[in-house]
Amino acid sequence: MEDVGQLRSQLLAEIASAGDLAALEQVRVATLGKKGRITELMKSLGALAPEARRAAGQVLNALKTELADAIEARRAELERTGLETRLATESIDATLPARPEPAGAIHPITQVMAEIIAIFGAMGFDVLEGPDIEDDFHNFTALNIPPEHPARQMHDTFYLATAEGASKLLRTHTSPVQIRAMQALKPPYRIIAPGRTYRCDSDITHTPMFHQVEGLWLDRATHMGHLKGCLIDFVRRFFEVGDVPARFRPSFFPFTEPSAEMDVACAREGGELRIGAGGDWLEILGCGMVHPKVLANVGLDPEAYQGFAFGLGIERAAMLKYGIPDLRTFFESDLRWLRHYGFAALDVPSLVEGLSR
Ligand code: DAH
């Protein structure tokens, strides 16, 4: 029993002085492990007479429990102090400014959208958004593109099965937002609707996803003169050229009558494209007077209201303005491309400060 008293103090001292979790584990194995000192002592009890065995067994069991508790207590202490040291040495200073590298950049699509919004915003247009997943009515039928209409061929898209059976689709243009605006608002209004659009199309000049901005100005006596003035103003500001000669080429869209394609004058000099100068023409957007049938489709009286609409491809506008040669690079997420063509995050486009700095 004397020996046990000594052993106890010795083992408790070893436990107390274990400097880390690994050292503590070593002490535990040497004490309570399969061949640990307490375990060996327990085994030797069998050699004692029954009376002595019971007495010694009680003492050893109590010691075993005491040592196990001491080891657990030491483990908790080591874990706590370990965490405290880590907290003290690995502190994070949340007040430090963000690291400047690698610099993020605003994607040209986002930038050009913001520029377009700034220009039309200054002309009194509100920004509206519509869903990417549309129904047939808004994307086609209401826009005077009934089933079997040949215009649907150019708008092949991705169809989604729905529980109700009526198929939904990824919108092929932003024009359905015109319909949503007409259903939700009371004229007069001017809205633009930028957003993602989709077509089942993929080659050098087409990507399955792209972006458009829709415009709609609806009032009682809006006419083609307003359309021309508004869009000529827009291209001047967008391309930041004082005078951009423009022409409106007769065209066809099911949802406008008359319909036109707007071209801007440009010059191609040694691979460089200059908007606003020279004798070449470049198509920039589609537009027209809202078709009376479209108004009737949403319950508006075509005798009482008239307006104009336009639709513009954002990638194309960005390519023309910033000299980006390949459409597909917009969606490759190549950081080198983004650093080259991207914009500083805090350079918000505005008419006062200039759009493109
Ligand atoms: N939605 C047409 C397209 O994607 C573009 C367009 C043309 C929109 C004329 C219009 C418009 O609002 O008036 O091809």
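Residues numbered from 1 in each chain as written. Predicted model: local features only at pLDDT ≥ 70, side-chain atom pairs only at ≥ 80, totals over all residues. Heavy atoms only, no water.

## Here's the deal with the side chain of His 173
Okay, so step 1: With respect to the helices and strands, His 173 occurs in the loop between β4 (168-170) and α7 (176-184).
Okay, so step 2: Here the side chain of His 173 touches Asn 139 through a polar contact of 3.0 Å, landing on its backbone oxygen.
Okay, so step 3: A distance of 3.4 Å separates polar atoms of two side chains, one belonging to His 173 and the other to Ser 175.
Okay, so step 4: Contacts of His 173, omitting those with residues within four sequence positions, involve Asn 139, Leu 143, Ile 145, His 155, Thr 197, Arg 199, Gln 212 and Phe 255. (Helix = DSSP H or I, 4+ residues; strand = E, 2+ residues; numbered from the N terminus. Polar contact = N/O pair within 3.5 Å; in protein donor to acceptor, adjacent residues only side chain to side chain. Contact = heavy atoms within 4.5 Å.)

## Regarding the site of the ligand
Okay, so step 1: Surrounding the ligand, one finds 15 residues, the nearest of these being His 173, Ser 175, Arg 199, Gln 212 and Glu 214.
Okay, so step 2: Contacts to the ligand include His 173, whose side-chain N or O atom sits 2.9 Å from a nitrogen atom.
Okay, so step 3: Residue Ala 309 places a main-chain N or O atom 3.1 Å away from an oxygen atom belonging to the ligand.
Okay, so step 4: Against a free-state accessible area of 350 Å², the protein chains account for coverage of 91% of the ligand.
Okay, so step 5: Of all the secondary structure elements, the ones that give two or more residues to the shell around the ligand are β6 (209-219), β10 (280-290) and β11 (306-313).
Okay, so step 6: Of the residues that constitute the shell around the ligand, the class distribution is five nonpolar, eight polar and two charged. (Near = heavy atom within 4 Å. Areas by Shrake-Rupley, 256 points an atom, 1.4 Å probe, with all protein chains shown as cover. Nonpolar A, V, L, I, M, F, W, Y, C, P; charged D, E, K, R; others polar.)

## Observations regarding the nonpolar core
Okay, so step 1: Grouped together as the largest cluster of nonpolar side chains are 45 residues, with contacts concentrated most on Phe 120, Leu 231, Phe 234, Ile 284 and Phe 310.
Okay, so step 2: Looking at this core, the elements with two or more residues in it are α5 (108-122), β6, α8 (224-239), β8 (256-269), β10, β11, α10 (314-322) and α11 (335-341).
Okay, so step 3: Residues within four places of Ile 284 in sequence aside, it is in contact with Val 235, Phe 239, Met 262, Asp 263, Val 264, Leu 312 and Leu 320.
Okay, so step 4: Ile 145, Ala 151, Val 298 and Leu 300 belong to the second-largest nonpolar core, a separate cluster that totals 22 residues. (Core = buried A, V, L, I, M, F, W, Y, C linked by side-chain atoms within 4.5 Å. Buried < 20%, exposed > 50% of the residue type's maximum accessible area, 1.4 Å probe, protein only.)

## Details of the pattern of salt bridges
Should their charged atoms come close, side chains of opposite charge can pair.
Okay, so step 1: A full pass over the atoms with the stated rule returns 23 salt bridges.
Okay, so step 2: The residue Glu 51 makes a salt bridge to Arg 54 at a minimum N-O spacing of 3.7 Å. Linking Glu 51 with Arg 54, this pair stays in helix α4 (residues 50-89), spanning three residues, or about one helical turn.
Okay, so step 3: In this structure, Glu 261 engages Arg 249 in a salt bridge whose closest nitrogen and oxygen atoms are separated by 4.0 Å. Taken as a pair, Glu 261 in strand β8 and Arg 249 in strand β7 (residues 246-253) lie far apart in primary sequence, twelve residues in all. (Salt bridge = Lys/Arg side-chain N within 4 Å of Asp/Glu carboxyl O.)

## Details of α5
In an α-helix, one full turn covers 3.6 residues, which means residues spaced three or four apart are oriented alike.
Okay, so step 1: An ideal rise of 1.5 Å per residue puts 21 Å on 15 residues; α5 measures up with 21 Å between its terminal C-alpha atoms.
Okay, so step 2: When we look at burial in α5, the residues that qualify are Pro 108, Ile 109, Gln 111, Val 112, Met 113, Glu 115, Ile 116, Ala 118, Ile 119 and Phe 120.
Okay, so step 3: Lining the buried residues of α5 we find β5 (189-198), β6, α8, β11, α10 and α11.
Okay, so step 4: Looking one or two places after α5, you find Gly 124, whose phi comes out positive at around 90°. (Expected span 1.5 Å × (residues − 1).)

## Describing the packing of α5 against α8
For any two helices packed against each other, the geometry comes down to the angle between their axes and how far apart the axes lie.
Okay, so step 1: Look at α5 against α8: their axes get within 10 Å of each other, and the N-to-C directions meet at 135°. With respect to their mutual orientation, α5 and α8 come out oblique. The interaxial crossing formed by α5 with α8 has right-handed handedness. Residues Val 112, Glu 115, Ile 116, Ile 119, Phe 120 and Ala 122 of α5 lie in contact with α8, whose contacting residues are Cys 230, Leu 231, Phe 234, Arg 237 and Phe 238.
Okay, so step 2: The class makeup of the residues in the contact of α5 with α8 is nine nonpolar, no polar and two charged. (Axes fitted to C-alpha atoms, helices over the stretch in contact; angles between N-to-C directions. Parallel < 35°, antiparallel > 145°, perpendicular 65-115°, else oblique. Left-handed = near helix turned anticlockwise from the far one by under 90°.)

## Quick look at α10
Okay, so step 1: For α10, every residue scored as buried is listed here: Ile 314, Glu 315, Ala 317, Ala 318, Leu 320 and Lys 321.
Okay, so step 2: Check the buried side of α10 and you find it contacts α5, β6, α8, β9 (272-275), β10 and β11.
Okay, so step 3: Where α10 ends, the next residue or the one after it, Gly 323, has phi of about 60°, a positive value.

## Examining the sheet that holds β4
Okay, so step 1: What the three strands build is an open sheet, ordered β2-β4-β3; its pairing is antiparallel. Of all the strands in the sheet, the pair left with one neighbour each is β2 (133-135) and β3 (159-160).
Okay, so step 2: Alignment of β3 against β4, held across two bridges, turns out to be antiparallel. Looking across to β4, one finds that Leu 160 is bridged to Lys 168. (Pairing = 2+ DSSP bridges.)

In short, geometric facts, not functional conclusions.
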